[in-house]
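Chain by chain, the residues:
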Amino acid sequence: PPPPRGGAAMAAGEVVAAGSAEQFQQLLQQKDRSLVVVHFWAPWAPQCTQMNDVMAALAKEHTQVTFVKLEAEALPEVSEKYGISSVPTFLFFKNSQKVDRLDGAHAPELTKKVQRHAASSSVSAGSNDGVKEDLNVRLKKLINAAPCMLFMKGSPKEPRCGFSKQMVEILNKHGISFSSFDIFSDEEVRQGLKTYSNWPTYPQLYVAGELIGGLDIVKELEASGELDTVCPKAQKLEDRLKILINKAPVMLFMKGSKQVAKCGFSKQIIEIMNSTGIDYETFDILEDEEVRQGLKTYSNWPTYPQLYVKGELVGGLDIVKELKESGELLPILKGEN
């Protein structure tokens, strides 16, 4: 008789351990199970042990779902293939295709995702149309969430692929103000947007709800000089920043307000400003992400708080402290320097 297949034979309601890459592939290809949930774990991490218990409980409840635990460091080729950089990480597969991901030990979130995917596996085609309709409504909202929207891998601060990194660099170089969406954070959006826009790859750039294209097209627009006219937001933001900086003779851009500072540095600068007796106005950068990011570029000053007198940048907390100690702060605030 043929030898047993290394534990890949399964009992419903139990978690299966995948001991090899081949066995893992076998588990993904089991046609009778629509959803496969894989826990990439490590025996040295207590949170992984805890999530294995959660998974065991879920396996008893969802007998139609295949639950697999795979020791991430024991099968590096599998971990690498799916970009596993920390444990615990959960991947969700349907028909051997990855459809979702969960990083970290979030039992309620895992339960929610299992329920959602298990339910959508068994719904009839008729009710699927409703699901698709809802997704399209959601995609439309996301595309129109800002005048210029970038769908990318990772965030502008931490792009998670070379193409996304290049796209962010081009937009920043042109001072274009944009919001972004990390497609790694939502598998449904990631797959759905490809169909919705009929554009198979990422990043994708949208202006006023219309798809401009991916990196190659943005590079072409940059080369032809059209990029600045396609994304006119840049100039408007610069004008807006100029107006804000000159709103009062002494303007402080900070986290929070005069009444409630929302970080230690902002609190300290407020105390110094109040001690001078000079009148000043504040702007809460936490209320406006566009100003928060744009002002860093505009003034070439990467942190907050930032103090301006008559539209000119004085500096941050350290500089204000030095000016106070040297006795120069008051004349500067009065506009005498």
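The rules we used
- Residue numbering note: each chain is counted from 1, following its sequence as written.
- Local features in this predicted model are restricted to residues whose pLDDT is 70 or higher, and side-chain atom pairs enter the listing and the counts only when it is 80 or higher, whereas totals over whole chains, interfaces and linings include all residues.
- Note that water and hydrogens are dropped before the side-chain values are worked out from all heavy atoms of the structure.
- The helix count covers DSSP runs of H or I at least four residues long, the strand count covers runs of E at least two residues long, and both are numbered beginning at the N terminus.
- Only protein chains enter the accessibility calculation, which uses a 1.4 Å probe. A residue is then buried if its area is under 20% of the maximum for its type, exposed if over 50%, and partly exposed in between.
- Residues count as neighbours in contact if any of their non-hydrogen atoms are within 4.5 Å of one another.
- Note on areas: Shrake-Rupley with a 1.4 Å probe; residue coverage comes only from the protein chains shown.
- Between any two strands, at least two bridges found by DSSP are needed for them to pair.
- Fitting a line to C-alpha atoms yields each axis, with helices limited to the stretch in contact; the angle taken between N-to-C directions then spans 0 to 180 degrees.
- Note on terminology: a nonpolar core comprises buried Ala, Val, Leu, Ile, Met, Phe, Trp, Tyr and Cys residues joined through side-chain atoms within 4.5 Å.
- Per-residue confidence from the prediction method is given by pLDDT, with values spanning 0 to 100.
- By the criterion applied in these results, polar contacts are pairs of N or O atoms within 3.5 Å in which, for protein atoms, one can donate a hydrogen and the other can accept it, and in which residues neighboring in sequence qualify only through two side-chain atoms.
- Oblique is the label for any angle not under 35 degrees, not over 145, and not in the 65 to 115 range, which are roughly parallel, roughly antiparallel and roughly perpendicular in turn.
- Whether a crossing is left-handed or right-handed is set by the direction in which the near helix is turned from the far one by less than a right angle, anticlockwise for left-handed and clockwise for right-handed.
- Amino acid classes used here: Ala, Val, Leu, Ile, Met, Phe, Trp, Tyr, Cys and Pro are nonpolar; Asp, Glu, Lys and Arg are charged; the rest, including Gly, are polar.
- The working definition used for a salt bridge is a side-chain nitrogen of Lys or Arg within 4 Å of a carboxyl oxygen of Asp or Glu.

A look at the overall build of the protein
Link 1 in the chain: Secondary structure assignment for the protein yields 14 helices and 13 strands.
Link 2 in the chain: Out of the 337 residues belonging to the protein, those deemed buried represent 43%.
Link 3 in the chain: Long-range pairs, those at least 24 residues apart, make up 63% of the contacts in the protein between residues at least 6 apart in sequence.
Link 4 in the chain: Surface exposure of the protein reaches about 17800 Å², of which carbon and sulfur atoms provide 52%.

Examining the sheet that holds strand β1 (residues 15–17)
Link 1 in the chain: The sheet built from 5 strands is open, its strands ordered β1-β3-β2-β4-β5 with mixed pairing. Both outer strands of the open sheet, β1 and β5 (97–103), are each paired with one neighbouring strand and no more. Here the strands of the sheet are splayed against their neighbours by 25 degrees on average, with no regard to which way each runs.
Link 2 in the chain: Here 6 bridges tie strand β4 (residues 89–94) to β5, and the two strands are oriented antiparallel to one another. Paired with K94 across the two strands is Q97, which belongs to β5.

Regarding the nonpolar core
Link 1 in the chain: Core analysis: the largest hydrophobic core is formed by 23 residues, its most contacted members being F24, V38, F40, L70, V78, Y82 and F93.
Link 2 in the chain: Looking at this core, the elements that each hand over two or more residues are α1 (21–28), β2 (35–41), β3 (66–71) and β4.
Link 3 in the chain: Among residues more than four places away in sequence, those in contact with L70 are A18, F24, V38, H39, F40, W41, L75 and V78.

Re the confidence of the model for the protein
Link 1 in the chain: Looking at the protein as a whole, the pLDDT averages 87, with 90% of positions reaching at least 70.
Link 2 in the chain: Within the model, the stretch residues 123–127 combines pLDDT values under 50 with 1 contact to residues more than four positions away or in other chains.

A short note on unusual backbone geometry
Link 1 in the chain: Note the cis peptide between V87 and P88, where omega equals -5 degrees.
Link 2 in the chain: Locating P88 in the fold gives a position in the loop between α3 (76–81) and β4.
Link 3 in the chain: Each neighbour pair has its own omega, and for Y304 with P305 the value is 5 degrees, a cis peptide bond.
Link 4 in the chain: Along the chain, the position of P305 falls in the loop between α12 (289–299) and β12 (306–309).
Link 5 in the chain: You will see that N300, though not glycine, has its phi angle at about 55 degrees, which is positive.
Link 6 in the chain: Structurally, the position occupied by N300 is in the loop between α12 and β12.
Link 7 in the chain: For N300, a relative accessible area of 66% translates into the label exposed.

A few points about the side chain of S197
Link 1 in the chain: Within the secondary structure, S197 sits in helix α7 (residues 187–197).
Link 2 in the chain: A polar atom in the side chain of S197 sits 2.4 Å from the side chain of Y206.
Link 3 in the chain: Beyond its immediate sequence surroundings of up to four residues, S197 is in contact with Q204, Y206 and L211.

What to know about the packing of helix α6 (residues 162–173) against helix α8 (residues 215–224)
Link 1 in the chain: At a closest axis distance of 10 Å, the pairing of α6 and α8 adopts a crossing angle of 25 degrees. Here α8 runs roughly parallel to α6, going by the angle between their axes. Relative to α8, the crossing made by α6 is left-handed. Listed contacts from α8 to F163, Q166, M167, I170 and K173 of α6 are L215, V218, K219 and E222.
Link 2 in the chain: Looking at the contact of α6 with α8, its residues break down into 5 nonpolar, 1 polar and 3 charged.

Observations concerning the pattern of salt bridges
Link 1 in the chain: Under the criterion given, the structure shown has 14 salt bridges.
Link 2 in the chain: Measuring nitrogen to oxygen at the nearest pair gives 3.1 Å for the salt bridge that ties E169 to K165. Here E169 pairs with K165, and both are found in helix α6, just 4 residues apart, close to one helical turn.
Link 3 in the chain: Residue E169 is classed as partly exposed on the basis of its relative accessible area, which comes to 43%.
Link 4 in the chain: On the basis of relative accessible area, K165 is assigned to the partly exposed category, the value being 44%.
Link 5 in the chain: Between K173 and E222 there is a salt bridge, with its nearest N and O atoms 2.9 Å apart. Of this pair, K173 sits in helix α6 while E222 sits in helix α8, placing them 49 residues apart in sequence.
Link 6 in the chain: Assessed through its relative accessible area of 62%, K173 is described here as exposed.
Link 7 in the chain: The network of salt bridges with common partners includes D100, K113 and R116.

A short note on the environment of D279
Link 1 in the chain: Locating D279 in the fold gives a position in the loop between α11 (264–276) and β11 (281–284).
Link 2 in the chain: Sequence-wise, D279 and K334 are 55 residues apart; in three dimensions their C-alpha atoms are separated by 9.5 Å.
Link 3 in the chain: Setting aside residues no more than four positions away along its own chain, D279 makes contact with V250 and K258.

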